[in-house]
Structures are given as C-alpha cells and as structure tokens.
Amino acid sequence: MSRQNTSQGVTVEPLKVALLGSGSVGTQVARLLTAHAQELALRVGAPLELIGIAVRRLGVDRGAGIDPGLFTTDAPELVKRADLVIELIGGIEPARTLILDALASGASVVTGNKSLLAEHGPELYEAADAGGVELYYEAAVAGAIPLLRPIRESLAGDRVQRVLGIVNGTTNYVLDKMDTAGLDFADAVAQAQALGYAEADPTADVEGYDAAAKAAILASLAFHTRVSADDVHREGISGVTAADVASAKAIGAVVKLLAICERVVAADGSEGVSVRVHPAMVPASHPLASVREAFNAVFVEAEAAGELMFYGRGAGGLPTASAVLGDLVSAARNRVGGSRGPGESTYAQLPLRPMGEVVTRYHISLDVADRPGVLAHVAKVIADHGVSIETVRQQQFPEPEGAGEEKPDRASLVVVTHSATDAALEATVSALAGLDIVTAVVGVMRVEGED
Ligand code: HSE
C-alpha cells in the first residue's frame, strides 16, 4: 500500500501492521482489519496496512477470505518491517523474543499473551520504555471486556480498593453446569471440551493458572505494584464436588472460581496487596452469582467511584479480536499524533500479603457422631480459635433403606463462619479434623460476598 488519501483529504503514509499467529483470534483480527480498513483509517488518522501474517505452517486453509500472499513463516523478518506488531502466538517463546525485537526496533506491540505478561511483564515494559513505544494487552484479561483501560486510564484519578470477579470462562461453564444441570465435575469438563471452551488438557483453566495470570495483571495495574503469577495464591476447581455445589445451594449460594485482588491495611496502618484465585460460595443475590455459561464478570471497587461491574464474553475469536483491534487503534493513533499512552506504573510497589492474613469466611461441612455434647464441642473448638459462627445446620443421616440395617449414629453438621483470617480458619479446620467425634471433614470452601 502506498501513500493514501483519507476521506478528510489527508495524505498519509500507511502504518505497517504485522500479525503473529493466525488462530481463532488472529484470523478474526485479519478479517476485521481488511473489512473495516476505511473506518479504521479514519479513526487512526492513517491507513493500517496488514503487511503479513506469521504462521508456523503455510498451506493451511484459514478461511475468512484472507489474501494467501500475506502468510509467511519468517516471523523475525516480518517484525523488522512493521510499525505495529500484534502478537497472538501465545506461550513464552518465540513470543517473548519477537515482542522484544519489535519493541527494540521501534514498533508498538499489542498482545493477548497473559502468561507471558504475568511471567515476564517487567522485561517487556522496560523494553517498551527503552524503545519509546507502547505495549498494550487488553485482550489478555477477560477477552472482549474493556477492563484494563478503565482501570489504568478511567480510574487513574481514583484509588482502586478491590478487583473481584470471574475471569475464566471455562471454569465458569463447568461450575454453572454442575449447579444447573447437576453434572459432576468430570462430565461438566467433558461438555466444556465438546463445546471448545476447555482444551484437551484442561489443566490451565481448571487448576486456576489462567485466572492467576489474569489476576496478576489486574493487581499490577490496580495497585501500581509488580505482581507476577507466582505471587498469586491459586486453588483450582478440580476438587469441587457435587456435594459442595449442593451445600452451596442449601445456604442460598453458588460456587464460582473467583480472582480477588485487594488492597489490605495492616494493624499498623501500612498497606499491602493480596491476590488470590480460588473457588468460593457466592450468595445467589450477588450479581456474580448470575454470571452463567462461559461469561466473565469483574467488580472493581474504587474509593471515589464505588462499585463498578464489567460483564461480557471473556474468550472466543471475534470478541477477543475486538479488544486487540481497540488496542491497535490506540497504539496507531498515538503514533500518528506523536504521543505515548501510559506505560507501566509501579510507583507504589506495595508488599504482597500472604494468604494466611486474608480475611474471609469458611463453609465447613462435617460428618459427626450424633450424641449429646457434640455440637457444643465443635462450637468450642471454633470459638477457641477466635472464630465466630454465623450459622450452624444439623441434618440427620437418612433412615437406612434395607430391613434390619441400623440407623447410623452420625449427623451432618454445616457451619458457616463470620469473617476471620484464613490462617485462623485453616487452623480451626485442622483442629476439627483431629476430633474423634468428627468422622469426616466433607468439604471446606470459602464464602465471599456479604458477611
Ligand atoms: N481459557 C480462557 C477461559 C480463555 O476459559 O476463560 C482465555 O483466557
């Protein structure tokens, strides 16, 4: 593409765009760049010329009417010629090297690579700073949902206190099906795989790695502090049972995999940050409880703004392409205007607080001996740990069906606590598990939402 006239009569050089990766998101990005070329040029102030698409193998039919002449296997060469690079390869290498090369050669980069950002973010931001260029990554967290830009820019005059939400669509789908269709974990995962939400190896989603990488990115932006994926306390959903889901239902709650990033204040008034990903029971009245299927939703609580909620599709080729193109237009506009958007901001560098200091609530389900004093004993152990009980529910085991079978002298006891530190709650559960009147600790899950 040579010099072009926009409809405003401005003659400008096109900006050369290199696309790395042509999976479901890349294909949609290429298609939209072509289909909306004219409008995008007007928004940017210069045409965006797609100069090539780097792929691992040529000759694969990727559909979407993309000019086959654009495909190349020489990503490094493509990067050298670009003003703007879109990285959608995923993983660490070669994505990291290609992004570093692009930034060093003066190209701005748009990426959706959450694991790379969560593991190597500082190196990439420093390279962007050194090159005087930009690094944007809206697509890395919650797909189509505009979330990073609102935190970084719209709330730049406020103080974010908490970011809490559902940032993994696959696990939300699995938990939703366990709740609404009564599926067990394995069947719900198989259904998510059949629909293309879960990978053949679903570990990254179900064990919370994907959500932890996103939580690290969100916490870094929200609290102006470098947080890596390793700093995030992570528990996945593979241990969530049909019984947990039924227990949640019995207290008017649903189970969700939550990412929670909080500004915490210690007794001496010093501030810190806690970042965690784990399943939790959420009251059915909480807006996050009604997030169904593979949707994502994130609450942001800021000092002045109060509560904000962001909701939408957290994955998928077309929705994620929307976030990528939004970033591309921003980076391209800044280039045309000779300006730079906000870079990394880590001035606060708040200390990371361990999980034990986090204040939360527990739902504890126990099988206990059904005899006098058992409830009082359990209550005493909980009180001895400084934990206060919110509700207790005792249920008899059902009458045996077989003739002549004895009724078990056991009962099911479900305790929901008031808020306490995670360390105190964990110690409480260990002590309960060690009592001879406790036959089994059937389930332990945190409860989030109103106390
Ligand atoms: N696998 C992710 C999810 C989408 O299920 O939400 C990409 O981050």
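These numbers were taken from a predicted model, which means no experiment stands behind them. Numbering of residues starts from 1 in each chain and follows the order in which that chain's sequence is written. Given that this is a predicted model, residues contribute local features only at a pLDDT of at least 70 and side-chain atom pairs are listed and counted only at 80 or more, while totals for whole chains, interfaces and linings are drawn from all residues. Excluded from the side-chain calculations are hydrogens and water; all other atoms, namely the structure's heavy atoms, are used.

All right, on to the pattern of salt bridges then. Between side chains of opposite charge, a pair can form when the charged atoms approach closely. Counted as salt bridges are all cases of a side-chain nitrogen of Lys or Arg within 4 Å of a carboxyl oxygen of Asp or Glu. Applying the stated criterion across every chain, the model contains 30 salt bridges. Arg152 serves as the salt-bridge partner of Glu153, at 3.9 Å between the closest nitrogen and oxygen. Of the charged contacts, one joins Glu390 and Arg361 as a salt bridge, the two residues approaching to 2.6 Å between their closest N and O atoms. One end of the pair, Glu390, is in strand 16 (residues 389-396); the other, Arg361, is in strand 15 (residues 359-369), and 29 residues separate them in sequence. Using a relative accessible area of 5% as the deciding quantity, one classes Arg361 as buried. Counted as one network, the salt bridges with shared partners bring together Arg162, Glu262, Arg276, Glu301 and Glu448. Think of it this way: any DSSP run of H or I at least four residues long counts as a helix, any run of E at least two long counts as a strand, and we number them from the N terminus. Each residue is assigned to one of three classes by its accessible area relative to the maximum for its type, calculated with a 1.4 Å probe on protein chains only: buried under 20%, partly exposed between the two thresholds, exposed over 50%.

Another aspect to go through is the layout of surface pockets. Space inside and on the surface of the protein is sampled on a 1 Å grid over the protein atoms alone, with a cavity defined as a set of points where a 1.4 Å probe fits but cannot get out and a pocket as an open set with protein on both sides within 12 Å along at least 5 of 7 lines; lining residues have an atom within 4 Å of a point. Grid points are joined across faces, edges and corners, and a volume is the space filled by probe spheres set on the points. Approximately 470 Å³ is the volume found for the second largest pocket. Every residue lining the second largest pocket is counted, 34 residues in all, and those nearest its centre are Ser220, Leu221, His224, Thr225 and Ser345. Of all elements in the fold, only helix 5 (114-131), helix 6 (148-154) and helix 10 (209-223) reach the threshold of two or more residues within the lining of the second largest pocket. The element that contributes the greatest number of residues to the lining of the second largest pocket is helix 10, accounting for six residues. Taken together, the residues of the lining of the second largest pocket break down into 19 nonpolar, eight polar and seven charged. Residue assignment places the lining of the second largest pocket across two domains, with domain 1 (4-142 + 318-337) and domain 2 (148-313) each supplying three or more. Three classes are used: nonpolar for Ala, Val, Leu, Ile, Met, Phe, Trp, Tyr, Cys and Pro, charged for Asp, Glu, Lys and Arg, and polar for all others, with Gly counted as polar. These domain limits were set by an automatic method or by a database of domain assignments.

The parts lose accessible area when they come together, and the size of an interface is often stated as this lost area. Looking at the assigned domains, one finds that the chain contains domain 1 (4-142 + 318-337), domain 2 (148-313) and domain 3 (358-447). Domain 1 and domain 2 are separated by 28 Å when their C-alpha centres are compared. Tallying the contact residues gives 17 residues for domain 1 and 16 residues for domain 2. Once two parts are brought into contact, the accessible area they lose, counted with a 1.4 Å probe and summed over both, makes up the buried area. A buried area of about 1400 Å², summed over both sides, lies between domain 1 and domain 2, and 62% of it is on carbon and sulfur atoms. Interface area lost by domain 1 to domain 2 is led by Ala118, Val141 and Ala142, which between them contribute 36%. Here domain 1 and domain 2 share three salt bridges between them. For Asp327, the salt bridge identified is with Arg149, shortest N-O distance 2.8 Å. Residue contacts are defined here by distance: any two heavy atoms, one from each residue, within 4.5 Å place the two residues in contact.

Before going further, it helps to spend a moment on helix 5. Here the expected span of a helix is defined as 1.5 Å times the quantity of residues minus one. The terminal C-alpha atoms of helix 5, which comprises 18 residues, lie only 22 Å apart, well short of the 26 Å expected from a rise of 1.5 Å per residue. Axes are fitted to the seven residues ending at a residue and to the seven starting at it; the angle between these axes is taken as the bend at that residue. Of all the bends in helix 5, the greatest, near 90 degrees, is centred on His120, and the proline Pro122 appears no more than four residues after it. Against the buried residues of helix 5 lie helix 4 (95-104), strand 7 (108-111), strand 8 (135-136) and helix 10.

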